[in-house]
Amino acid sequence: MIEPEAPTSANRTGYKTLFILACVGILLGLILASYPRYLLWKKHRLNLLTTKAQGHIENEHWEQAYAILNQAYAQAPNDPLVLREIARLTQRTSPDPSRALFFWKQLLAYTSATTEDLAEMGMAYLADRQPDEAIKILSSFTPEQRSTKYSMGLESQLLYFQGKPLEAAKLHRKYLLQNPNDPENQLTLAILDLTSPFTEVQKNALEKLWGIARSKSPHAAAAIQSISTSPLLTGGMSTELLQLALNNQAISEKRYFEILSRHIILNPLKKKEIYASETNKYRNKTIQENAVFYHWLLQQEEYDLLLELVSKDKATQNVILFPVYLEALAGKSRWDELSDIFRRTPSLPLSSTDQSVLQARIAHGQGDKGSIVSGHLKEASRRAIIAKNFEALQRIITIADKLGFEDVAIEALINGSAIPQYQLSMLERLLNIYSRRGDAESMLTTLQKILEAKPMIKSHMENALYLKLLLGIEFESISKGAPLWAAQNIISNDSLPFINAFAAYRFRDFEKMKGVLTQIEVSKLSVGQRAVYSGMLASCGEQAKAFIIAEKISPARLLEGELIFLRKAL
């Protein structure tokens with residue numbers, strides 16, 4: 001009998017290797033088999049997150065939406081669904097359009113964008129004052145894409161941007177009438193007709209909106225909101241509208257309070273009853289749940305009620321309650337109490353920026369020197385700019401302006417405009433202050449800075465040319481360039497006759513000016529331009545006609561140069 005051969009060391013090693021390879025093979029097989037399931041699970045998880053975020057967006061709960069989408073972005077930074085929702089949310093909430101554009105561009109890098117995606121990206125370009133990029137998007141659309149609501153919506157917004165509101169409205173209505181039975185189109189047409197100058201058209205639109213608001217249509221919430229803004233709304237109507245808003249889950253808490261505010265205006269005798277009812281609703285809710293209600297009471301200037309609801313002890317320990325409590329005390333001009341809280345509370349639930357703002361308001365309320373108030377405001381502005389806190393900076397500028405410290409507001413705006421993403425919004429606000437001051441030179445300087453950043457803003461280009469002519473500078477180049485700029489659509493054809501006439505006046509060419517004045521449509525001129533127009537008429541012997549125009553103009557808001565022309569006509 002032959003005995004089996006005992007396994008050698010080499011054989012044992014070979015068996016082990018085969019066993020390990022078999023295990024690795026099985027493991028790889030399991031991984032490969034389960035990987036599709038993992039991808040499905042991951043996709044399902046992302047769908048759940050984005051759907052949840054969409055719900056928060058619909059209810060305008062921006063912070064919750066951002067928190068969820070940040071979580072989704074951390075898990076899948078290249079997922080088109082996640083990028084799309086982040087881009088849309090950013091486009092709705094961020095003051096800086098370039099942030100939304102960043103995410104739209106990321107989306108394009110990872111997937112084929114839909115017509116809707118591209119149109120929304122085009123809207124972001126327009127918000128960022130880049131019309132050429134929006135035009136490129138429109139040019140890339142096929143004839144089929146050009147007929148969609150997304151494309152036509154972008155095109156109409158581009159026309160608005162180019163200073164062609166009538167053409168934009170016509171295009172918008174044309175699309176809507178192509179599909180008159182579409183519920184969304186019916187809603188939009190009714191909303192457009194609600195702004196008609198004709199009362200009968202408004203009444204018909206309101207009737208249609210009531211029909212949508214009372215239905216179970218997904219557009220009912222939008223109809224309710226639109227009705228609430230109608231000048232035809234009565235006190236009785238607002239009672240029904242408020243009930244519809246209460247029963248519609250798509251109406252956010254913020255929107256509900258906007259409708260309630262209109263209801264109070266239309267039913268002033270029920271004001272106390274309404275406040276009592278709303279207070280009872282929120283009395284047993286958490287501070288977080290009460291946040292929107294408290295801020296609404298602030299808007300309504302119900303300071304006594306707020307101070308009754310919010311105790312000092314709770315307020316000084318809570319980041320939500322404390323700003324509300326401060327505003328209520330400030331609304332009642334209880335500056336000594338505010339000062340006492342500031343001195344005695346070691347750790348206020350406020351940022352260092354907001355603490356400086358509070359110190360400025362207390363100092364102003366207590367009648368301290370202007371230098372002390374402005375010092376606190378400047379410090380708050382400095383801190384906000386360092387932190388690149390745009391919202392805080394905007395608030396500081398508003399407060400400085402309201403308290404009469406225009407120079408502080410101007411300084412903050414100039415410093416803020418050095419931050420690229422805030423440049424345009426800061427300069428636009430600066431322009432408003434200079435306009436209010438009647439400072440033509442500073443207005444022109446600011447306009448030129450805006451045009452350097454975004455040269456395709458037609459209205460600003462026309463205003464810059466007007467100010468140059470008013471100040472008597474560069475009229476030679478304006479006279480030569482104006483016809484070319486009109487041909488290139490840099491300025492409108494409607495503005496060209498006035499610019500030509502004003503340039504002729506600066507050249508003292510009254511014959512040419514007299515001929516061009518007849519081409520001007522006076523109704524399209526601003527008040528200041530009408531003052532200049534009347535002065536030019538007087539200069540060429542049309543004194544009676546000039547007087548008829550000039551006597552209807554109030555000199556209160558005119559620039560110094562415009563006043564000179566007005567006096568010629570009077």
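The preceding data block contains the structure.
Residues numbered from 1 in each chain as written. Predicted model: local features only at pLDDT ≥ 70, side-chain atom pairs only at ≥ 80, totals over all residues. Heavy atoms only, no water.

(A) Representation of the overall build of the protein. For the protein, the helix and strand inventory stands at 33 helices and zero strands. Here the protein has a C-alpha radius of gyration of 32 Å; the compact-globule value for 570 residues is 25 Å, and the former is much larger. Expressed along its principal axes, the backbone C-alpha trace of the protein runs to roughly 140 × 65 × 55 Å. Partitioning the intrachain contacts of the protein with sequence separation of at least 6 by distance along the chain shows that 52% fall at a separation of at least 24. (Helix = DSSP H or I, 4+ residues; strand = E, 2+ residues; numbered from the N terminus. Rg over C-alpha atoms; globule rule 2.2 N^0.38 Å. Contact = heavy atoms within 4.5 Å.)

(B) Representation of the environment of P268. Positionally, P268 belongs in the loop between α14 (253–266) and α15 (271–282). In sequence terms P268 and E406 are 138 residues apart; their C-alpha atoms lie 36 Å from each other.

(C) A look at the pattern of salt bridges. Tallied over the entire structure, the rule returns 28 salt bridges. Here R344 ties to D340 by a salt bridge, and the two come within 2.5 Å at their closest N and O atoms. Separated by four residues within a single helix, R344 and D340 lie in helix α20 (residues 335–344), roughly one turn from each other. With relative accessibility at 63%, the residue R344 sits in the exposed group. Ionic contacts of the salt-bridge type, sharing partners, join the residues R84, E85, R88, E116, D117 and E120 into one network. (Salt bridge = Lys/Arg side-chain N within 4 Å of Asp/Glu carboxyl O. Buried < 20%, exposed > 50% of the residue type's maximum accessible area, 1.4 Å probe, protein only.)

(D) Here's a closer look at the packing of helix α27 (residues 458–471) against helix α29 (residues 496–506). Where α27 contacts α29, the two axes come as close as 10 Å, and the packing angle between them is 20°. One element, α27, and the other, α29, form an angle in the roughly parallel class. Between α27 and α29 lies a crossing of left-handed hand. Here L465, Y466, L469, L470 and L471 of α27 lie close against α29, whose contacting residues are F498, I499, F502, A503 and R506. Grouping the amino acids of the contact of α27 with α29 by side-chain chemistry returns nine nonpolar, no polar and one charged. (Axes fitted to C-alpha atoms, helices over the stretch in contact; angles between N-to-C directions. Parallel < 35°, antiparallel > 145°, perpendicular 65-115°, else oblique. Left-handed = near helix turned anticlockwise from the far one by under 90°. Nonpolar A, V, L, I, M, F, W, Y, C, P; charged D, E, K, R; others polar.)

(E) The arrangement of helix α13 (residues 235–247) in detail. Between its first and last C-alpha atoms α13 spans 19 Å; for 13 residues at 1.5 Å apiece the expected length is 18 Å, and the two agree. Listed in full, the buried residues belonging to α13 are G235, S238, L241, L242, L244 and A245. All buried residues of α13 project into a common sector of 160° when viewed along the axis, lining one side. Counted as exposed and oriented over 90 degrees from the buried face of α13: G236 and N247. (Expected span 1.5 Å × (residues − 1). Arc of directions from axis to C-beta.)

(F) Geometry of the packing of aromatic side chains. All chains considered together, the criterion is met by 17 aromatic pairs. Between F293 and Y294, the ring centres sit 6.1 Å apart and the planes meet at 35°, which makes this aromatic pair tilted. What makes Y294 buried here is its relative accessible area of 8%. With a centroid separation of 5.2 Å and 90° between ring planes, the pair formed by F475 and F507 is classed as edge-to-face. Residue F475 is found in helix α28 (residues 475–487), and its partner F507 is found in the loop between α29 and α30 (510–517); the two are separated by 32 residues along the sequence. Among the residues examined, F475 registers a relative accessible area of 16% and is labelled buried. Within the aromatic cluster, the residues linked to one another by ring pairs are Y256, F257, Y275, Y282, F293, Y294 and W296. A cation over a ring is seen here: K285 above Y282, with NZ or CZ 4.6 Å from the ring centre. Seen from the ring of Y505, R508 lies directly overhead, with NZ or CZ sitting 5.0 Å from the centre. (Phe/Tyr/Trp six-rings, centres within 6.5 Å; stacked < 30°, edge-to-face > 60°. Lys NZ or Arg CZ within 6 Å of the ring centre and 35° of its normal.)

(G) Fine view of the environment of S435. Relative to the helices and strands, S435 is located in helix α25 (residues 423–437). Of the polar contacts made by the side chain of S435, one reaches the backbone oxygen of L431; its length is 2.8 Å. (Polar contact = N/O pair within 3.5 Å; in protein donor to acceptor, adjacent residues only side chain to side chain.)

(H) Focus on the side chain of D193. Along the chain, the position of D193 falls in helix α10 (residues 183–193). Take D193: its relative accessible area is 17%, and that puts it in the buried class. If sequence neighbours within four positions are ignored, D193 has contacts with R173, V201, Q202 and A205.

(I) Highlighting the nonpolar core. In terms of nonpolar packing, the biggest core is built from 106 residues, with L377, F498, F502, L517 and M536 touching the most fellow members. The leading source of residues in this core is α29, at eight residues. (Core = buried A, V, L, I, M, F, W, Y, C linked by side-chain atoms within 4.5 Å.)

(J) Representation of unusual backbone geometry. One non-glycine residue, K388, lies in positive phi territory at about 55°. Within the element layout of this structure, K388 appears in the loop between α22 (370–386) and α23 (390–402). Even without a glycine there, the phi angle at E474 is positive, about 60°. With respect to the helices, strands and loops of the structure, E474 is situated in the loop between α27 and α28.

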